[in-house]
Amino acid sequence: MYQKIIQKYKITLIFPVLLCTWLLSGCSSSHLKDGFYTAQMSEYSHGWKEYLCIMVKDDKIVYAEFNAKDPSGYIKAWDNAYMRNMAAVESTYPNDYTRKYVAQLMEAQGTDGLDTVSGATHSGNNFVRLAAAVIEQAASGNPNTVTVQAEEE
């Protein structure tokens, strides 16, 4: 009689343990592969080509850089004259909004919930597109720089 009870409880306990083990192993398997991933816009806009580079480690985005460069490679966030002009008109500037976008990505660990910064909506829309591209790259492990087509204006 005790054997039937023990056998019944073994089956009852084994199934949930196996299910939890299977679920946990699925959750811990990496869907983002370790490495650096970069996406850039296909065209220059107002003299700048935006790009996003991320580093993935242990299935997490641990570093991100969002910025733009001119044809000579000069970085937009370094351009003090551009910063002063944009800040006066838009109340933001590249060194400010790029950090805000990166902080959102690091917090969300994906594109869900990314919001555009007032005054930098065009860059925000590009950021979302670039973020989707680098996350797709990281999921496949593609180390090549991906070019993202510009949005139709």
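Our subject is the structure listed above.
Residues numbered from 1 in each chain as written. Predicted model: local features only at pLDDT ≥ 70, side-chain atom pairs only at ≥ 80, totals over all residues. Heavy atoms only, no water.

Undergrad: Can you help me understand the packing of helix α3 (residues 94-108) against helix α4 (residues 121-140) in this one?
TA: Each pair of packed helices can be summarised by the angle the axes make with each other and by the distance between the axes. Where α3 meets α4, the axes come as close as 11 Å, and the angle between the chain directions of the two elements is 40°. Between α3 and α4 the crossing geometry is right-handed. Within the contact between the two elements, α3 uses Y97, Y101, V102 and L105 and α4 uses T121, S123, G124, F127, A131 and I135. Of the residues that constitute the contact of α3 with α4, the class distribution is seven nonpolar, three polar and no charged. (Axes fitted to C-alpha atoms, helices over the stretch in contact; angles between N-to-C directions. Helix = DSSP H or I, 4+ residues; strand = E, 2+ residues; numbered from the N terminus. Left-handed = near helix turned anticlockwise from the far one by under 90°. Contact = heavy atoms within 4.5 Å. Nonpolar A, V, L, I, M, F, W, Y, C, P; charged D, E, K, R; others polar.)

Undergrad: What exactly am I supposed to notice about the sheet that holds strand β2 (residues 49-57) here?
TA: The strands making up a sheet associate through hydrogen bonds between their backbones, and the pairing can be parallel or antiparallel. Pairing is mixed across the open sheet formed by four strands, whose spatial order is β3-β2-β1-β4. Of all the strands in the sheet, the pair left with one neighbour each is β3 (60-69) and β4 (146-148). Sheet twist, expressed as the average angle between the axes of neighbouring strands with direction ignored, equals 20°. Contacts from α3 reach β2 and β3, with the element oriented near 155° to β3. (Pairing = 2+ DSSP bridges.)

Undergrad: Hey, could you run me through the packing of aromatic side chains in this one?
TA: Aromatic rings in a pair are described by how distant their centres are and how their planes are angled relative to each other. Taken as a whole, this structure holds six aromatic pairs when the rule is applied. Plain terms: the ring middles of W48 and Y82 are 5.9 Å apart, the flat faces sit at 75° to each other, and that makes the pair edge-to-face. Here the residue W48 occupies a position in the loop between β1 (35-41) and β2, and Y82 occupies one in helix α2 (residues 80-90), the gap between them amounting to 34 residues. Overall, W48 belongs to the buried group, its relative accessible area being 8%. For Y82, a relative accessible area of 26% corresponds to the partly exposed category. What links up through ring pairs into an aromatic cluster is the set F66, Y97, Y101 and F127. (Phe/Tyr/Trp six-rings, centres within 6.5 Å; stacked < 30°, edge-to-face > 60°. Buried < 20%, exposed > 50% of the residue type's maximum accessible area, 1.4 Å probe, protein only.)

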